[in-house]
Amino acid sequence: MRTIRDLSVLRTRARDWREAGESVAVVPTMGALHEGHLSLVAAAKAACDRVIVTLFVNPKQFNNPQDLAKYPRTEATDAAMLQPLGVDVLFAPDASVVYPDGFLTKVTVARLQDVLCGAHRPGHFDGVATVVTKLLLMTAADTAFFGEKDWQQLQIIRRLVEDLNIPVDVVGCPTLREKDGLAMSSRNQRLSTADRARAPALHAAMMKAAESARAGGDVTASLSAARDAILEAGFAEVDYLELRHGATLEPLDRAAPEARLFAAAWIGGVRLIDNIPLA
């Protein structure tokens, strides 16, 4: 595996692969890798001849400067984790490469970004959409792999790829979970031992609410009970706990084939998100 920071070097490498008739996959990350990321790499390796993993902590998607400062940066460890997986390139550009002097452009995906996390993190999805657009164009990959834990992000990326005619297939991969149900996330590293023990209550409450909704129970009552359970478990605040359509993100008041349950909640100063399908 080669670590590349220069865009022209990356483009030359990708062009050589294409001229040889090889397919190229990209797995965009912000580092602090865990088994969830590695599952994306495995899916990419199975689907394509060459794999690029990008590592870039994107400042434009952080609406809180303190959150950006606290985000774990573990490039050496990340590279060691990727090395045995057959990754061809780790693209780890400096911010000046992604956002050179005079950069003015912003990619906005209307409506899909205005709900759920977007309603609580102004500007976040503008930053996500902008950097993902850039990374897809920089790598010129045939296929891009993203985790379903960030479901809203996945739908936004699918929309921008279609709307902007970017020639890449977007593949969503299942959320990986710890044995106690907690969705794997780089942010989990910031949880104290006590908060880590409490954190699985989020998924447990969501599963109970989903079960009730599938059985025909009152959705409003089920979500209210789940919210209470999350707070009683030690979470400080629930940003949202909502049933929505998986593709359009429109709110739902009853179980449906495309329904997903979405949640975001704070514990120990760390914001955890999760989503599960009702089907």
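Rules behind the numbers
Every residue gets a number counted from 1 within its own chain, in the order that chain's sequence is written. Reporting of local features is limited, given that this is a predicted model, to residues whose pLDDT is at least 70; pairs of side-chain atoms are given and counted only at 80 or more, and all residues count toward the totals for whole chains, interfaces and linings. Note that the side-chain values use all heavy atoms of the structure and ignore hydrogens as well as water. Secondary structure follows DSSP: runs of H or I at least 4 residues long count as helices, runs of E at least 2 residues long count as strands, and numbering of each begins at the N terminus. Note that the radius of gyration is over C-alpha atoms, with the globule rule given as 2.2 Å times the number of residues to the power 0.38. Each residue is placed in one exposure class: buried if its accessible area under a 1.4 Å probe, protein chains only, is under 20% of its type's maximum, exposed if it is over 50%, and partly exposed if it falls in between. Residue contacts follow a heavy-atom distance rule, with two residues in contact if any of their heavy atoms lie within 4.5 Å. Polar contact is defined as a pair of N or O atoms within 3.5 Å, subject to the rule that within protein one atom must be able to donate a hydrogen and the other to accept it, and that residues adjacent in sequence are counted only when both atoms are side-chain atoms. Under the pairing criterion, centres of Phe, Tyr and Trp rings, with the six-membered ring standing for Trp, must be within 6.5 Å; the plane angle then separates stacked pairs below 30 degrees from edge-to-face pairs above 60, leaving the rest tilted. The rule is short: NZ of Lys or CZ of Arg within 6 Å of the ring centre and within 35 degrees of the ring normal puts a charge over the ring. When the sulfur atoms of two cysteines come within 2.5 Å, that pair is taken as a disulfide. Salt bridge, as used here, is a side-chain nitrogen of Lys or Arg placed within 4 Å of a carboxyl oxygen of Asp or Glu. Axis definition: a line fitted to C-alpha atoms, limited for helices to the stretch in contact. Angles are taken between N-to-C directions and run from 0 to 180 degrees. Angular relationships are summarised with four words: roughly parallel below 35 degrees, roughly antiparallel beyond 145, roughly perpendicular across 65 to 115, and oblique for the angles in between. Charged residues are taken to be Asp, Glu, Lys and Arg, nonpolar residues to be Ala, Val, Leu, Ile, Met, Phe, Trp, Tyr, Cys and Pro, and polar residues to be all remaining types, Gly included. One fewer than the residue count of a helix, multiplied by 1.5 Å, yields its expected span. The reported arc concerns the directions from the helix axis to the C-beta atoms and nothing else. Two strands are said to pair when DSSP picks up at least two bridges between them. We call a crossover right-handed when, viewed with the strands running away from us, the connection from the first strand over the helix to the second turns clockwise.

S.K.: Any chance you could explain the overall build of the protein here in plain terms?
M.R.: Per the secondary structure count, the protein includes 11 helices and nine strands. Over its C-alpha trace the protein gives a radius of gyration of 19 Å, about what one expects of a compact globule, namely 19 Å for 279 residues. The principal-axis extent of the C-alpha atoms belonging to the protein is close to 55 × 40 × 40 Å. The buried share of the protein, taken over its 279 residues, is 50%. Counted over contacts in the protein with a minimum sequence separation of 6, partners at least 24 positions apart contribute 73%.

S.K.: When you look at the side chain of Asp126 in this model, what are you seeing that I'm missing?
M.R.: With respect to the secondary-structure elements, Asp126 resides in helix H7 (residues 124-139). Its relative accessible area of 11% is what places Asp126 among the buried residues. Polar contacts involving the side chain of Asp126 include one to the side chain of Thr108, which spans 2.9 Å. Within the structure, the side chain of Asp126 is placed 3.2 Å from the side chain of Gln113, a separation counted as a polar contact.

S.K.: Help me understand the environment of Asp239 in this model?
M.R.: Residue placement: Asp239 occurs in strand S7 (residues 237-245). If we ignore the near neighbours within four places in the chain, the residues touching Asp239 are His120, Ala264, Ala265, Trp266 and Arg271. One polar contact links Asp239 to Trp266, side chain to side chain, over a distance of 3.2 Å.

S.K.: Help me out: how do you make sense of the packing of aromatic side chains in this one?
M.R.: The description of two aromatic rings rests on the distance between their centres and on the angle between their planes. One pass over the structure, following the stated rule, counts three aromatic pairs. A connected cluster of aromatic rings, assembled from ring pairs, spans Phe56, Tyr99 and Phe103. A cation sits over an aromatic face here: Arg260 above Trp151, 3.6 Å from the ring centre.

S.K.: Would you explain the state of the cysteines in this entry?
M.R.: Should the sulfur atoms of two cysteines be covalently bonded, the bond is a disulfide. Counting across every chain of the model gives zero disulfides. The thiol of Cys48 is not disulfide-bonded; the next cysteine sulfur, from Cys173, is found 11 Å away.

S.K.: In this structure, what is going on with the pattern of salt bridges? I would like to understand it.
M.R.: Charged atoms that come close allow side chains of opposite charge to pair. Counting across every chain of the model gives 15 salt bridges. Close ionic contact of Asp163 with Arg159 constitutes a salt bridge, the shortest N to O distance being 2.9 Å. Of this pair, Asp163 and Arg159 both sit in helix H8 (residues 151-163), four residues apart, which is roughly one turn of that helix. With a shortest N-O distance of 2.9 Å, Arg196 and Asp180 are connected by a salt bridge. Residue Arg196 is located in helix H9 (residues 193-198), and its partner Asp180 is located in the loop between strand S6 (169-173) and H9; the two are separated by 16 residues in the primary sequence. Among the charged side chains, a network of salt bridges with common partners joins Glu22, Arg50 and Asp88.

S.K.: Help me out: how do you make sense of the packing of helix H1 (residues 7-19) against H7 in this one?
M.R.: Helix packing for two helices is described by the angle between their axes and how far apart those axes are. The geometry of H1 relative to H7 is characterised by a closest axis approach of 8 Å and an angle of 55° between their N-to-C directions. Comparing their axes, H7 and H1 come out oblique. Along its contact with H1, which presents Leu7, Leu10, Arg11, Ala14 and Arg18, the element H7 presents Leu137, Met138 and Thr139. Looking at the contact of H1 with H7 residue by residue, the classes come out as five nonpolar, one polar and two charged.

S.K.: Can you help me understand H1 in this one?
M.R.: Every α-helix winds through 3.6 residues per turn, so residues three or four apart in the chain are directed the same way. Counted at 1.5 Å a residue, the expected span for H1 with its 13 residues is 18 Å, and the 18 Å between its end C-alpha atoms agrees. Residues Leu7, Leu10, Ala14 and Trp17 constitute the buried set of H1. Along the axis of H1, the buried residues cluster in a sector spanning 90°; they form a single face. Where H1 is buried, its residues contact strand S1 (2-4), strand S2 (24-29), strand S3 (50-55), strand S4 (89-91), helix H5 (95-98) and H7. Positioned one or two residues after H1, Gly21 has a phi angle of 80°, which is positive.

S.K.: Looking at this structure, how should I read the pairing of strand S5 (residues 143-147)?
M.R.: In the case of a regular strand, side chains alternate between the two sheet surfaces. For S5, the buried fraction is high: four of the five residues fall into the buried class. Both S5 and S6 contribute to a ladder of five bridges, which runs parallel. If you follow Phe146 over to S6, its bridge partner there is Gly172. In terms of handedness, the path from S5 via H8 over to S6 forms a crossover that is right-handed.

Shape is all these values report; function is a separate question.
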